[in-house]
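# Understanding the architecture of this molecule
What follows is the residue order along each chain.
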Amino acid sequence: MKILVLNAGSSSLKYQLFDMDTKDVLAKGLCERIGDGGTVTHKKGSEKYYEETNLTDHTVALSRVLELLCSKEYGVIASVEEIDAVGHRVAHGGEQLKKSSKITEAVIKYLETIVPINPLHGPPAIAGMKACIGLMPGVPQVAVFDTSFYSDIEDFRYIYPVPYEFYEEDRVRRYGFHGTSHRFVSTELAKTLGKDIKELKVITCHLGNGSSVTAVDGGVAIDTSMGFTPQEGIVMGTRSGSIDPTVVTYLMKTKGYIAQEMENILNKKSGLLGISGVSNDCRNIWEEAHAGNKRAELAMKMLANSIKKHIGAYTAELNGLDALVFTAGIGENDYEVRELACDGLSYLGIELDKEKNKNFKRGEKQKISKDGSKVEIWIIPTDEEYMIALDTEKIVNE
Ligand code: AMP
């Protein structure tokens, strides 16, 4: 079975074509600047093709992707008919779409009703679905939601302590994001340990440009750091993570910022970039920190501490811990962040092997805790696209 996985952003469209029988990625790529010019980067194995073109909308972009996938020179299939199903990454499934779902008119209608709480990611995801339905009629489409892993979180953990009407009338609550990644790495951990996931208490740390930490009890997410939006929780590349909400209203009053400006500051100018003044990329910040830049050092200490606080809190909520997993750009690659975040947690049974952690092998699943550590610490590379393809295959075969 061949499955095309799509991830539509406001001006971008990422794609991967999987052969599910061999688990191979046949081709993948990225369309950018949709609606404002257009570029396509297409990869088939080690071969890379790049073009500057005119991508007026997501339908035009998808049409070009399908042409490339079928082209004599860069293609991997003879015709679009070889694609058995399409899996769409969808950030938000609201309260109703609690698991990966076949895309129907009713699903699209519901997603349209929740655009107000998902204004950035909702419209492009819907555009991607409509483009597929138009260009590949009859091919089953499946939506995989980042929020659905959090469907079982209990109300006392997802309701915010503000007047209850804001939940009832405005759907203001914790939704959680990155669920597909947290689900993938926790499942992968259980497989690797040869254990039933139902027996495991795990904390998964997805640390990338956006970061979140999730508590997984028996394969079920019971709490997570991202909330109503991906703004809450850990200090991120350019997002603040959790702060006292009064900081926002205070700055609006004293500096005269309007809501849009404040959102822009909290989303694009805060986090590691805002603190360090250097970059949102840990590699650049560490370079500066090692050269004596105090603000760069402060930013990295703050990141590590916010991870540590969540590990402590979630160990308490889980009432114990079997494993701690690091994944995504920072989680998989930044040994210094992992070391700082795990430092001083031996009371909880978390003991990092500093040598293994420092000499980790890039891109590989590996254990980095000390041999006697009560809690195993693992690096597990995430693969959200493959998880989406697996869900799509399962639903199509139901
Ligand atoms: P992601 O969103 O998962 O692609 O992660 C992107 C972030 O991972 C970058 O902004 C970097 O901060 C971080 N990152 C990627 N590679 C490395 C590396 N080799 N060392 C440290 N941080 C890295």
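All figures in this text were calculated on a predicted structure; none of them were measured in a lab.

## A look at the side chain of Asp 146
For Asp 146, the position within the fold is in the loop between strand S8 (141-145) and helix H4 (155-158). You can call Asp 146 buried: its relative accessible area is 4%. Residues contacting Asp 146, with those up to four places away along its chain left out, are Arg 89, Val 90, Ala 91, Gly 176, Phe 177, His 178, Gly 179 and Thr 180.

## A few points about the packing of aromatic side chains
Summed over the entire model, instances satisfying the criterion amount to six aromatic pairs. On the basis of an interplanar angle of 65° and a centroid distance of 5.7 Å, the ring pair of Tyr 164 and Tyr 167 is categorised as edge-to-face. Residue Tyr 164 is classed as partly exposed on the basis of its relative accessible area of 45%. Their ring planes at 35° and their centres at 6.3 Å tell us that Tyr 175 and Phe 228 sit as a pair that is tilted. Taken together, the residues Tyr 175 in the loop between helix H5 (165-170) and helix H6 (179-193) and Phe 228 in the loop between strand S11 (220-224) and helix H7 (245-255) connect sequence positions 53 residues apart. Judged by relative accessible area, which is 3%, Tyr 175 ranks as buried. Counting every residue linked through ring pairs, the aromatic cluster contains Tyr 158, Tyr 164 and Tyr 167.

## A word on the site of the ligand
Lining the immediate surroundings of the ligand are Gly 208, Asn 209, Asp 281, Cys 282, Arg 283, Ala 328, Gly 329, Ile 330, Asn 333, Asp 334 and Arg 362. Contact between the ligand and Asp 281: an oxygen atom at 3.5 Å from a side-chain N or O atom of the residue. Separating an oxygen atom of the ligand from a backbone N or O atom of Gly 329 is a distance of 2.9 Å. Within the complex, 73% of the 500 Å² of free accessible area of the ligand lies under protein. Residue assignment for the shell around the ligand shows that the elements contributing at least two residues are helix H10 (282-290) and helix H12 (328-333). Split into classes, the residues belonging to the shell around the ligand amount to three nonpolar, four polar and four charged.

Rules behind the numbers
Residue numbers here run from 1 along each chain, matching the order of that chain's written sequence. With the structure being a predicted model, the display of local features is reserved for residues of pLDDT at least 70 and the display and counting of side-chain atom pairs for 80 or more, all residues being used for whole-chain, interface and lining totals. Remark: hydrogens and water are excluded; side-chain values derive from all non-hydrogen atoms of the structure. Secondary structure is summarised from DSSP: a helix means a run of H or I of at least four residues, a strand means a run of E of at least two, and numbering begins at the N terminus for each. Only protein chains enter the accessibility calculation, which uses a 1.4 Å probe; a residue whose area is less than 20% of its type maximum is buried, one above 50% is exposed, and one in between is partly exposed. Should any heavy atoms of two residues lie within 4.5 Å, those residues are considered in contact. Note on aromatic contacts: the rings of Phe and Tyr and the six-membered ring of Trp form a pair at centre separations within 6.5 Å, being stacked when their planes are under 30 degrees apart, edge-to-face when over 60 apart, and tilted otherwise. Nearness here has a simple test: a residue counts as near a molecule or strand if at least one of its heavy atoms is within 4 Å of that partner. Here a polar contact is recorded for every N or O atom pair within 3.5 Å, except that within protein the pair must consist of a potential hydrogen donor and a potential acceptor, and residues adjacent in sequence are included only if both atoms are side-chain atoms. Note on areas: Shrake-Rupley, 1.4 Å probe, and residue coverage restricted to the protein chains presented here. Each residue is assigned to one class: nonpolar for Ala, Val, Leu, Ile, Met, Phe, Trp, Tyr, Cys and Pro, charged for Asp, Glu, Lys and Arg, and polar for all the others, Gly among them.

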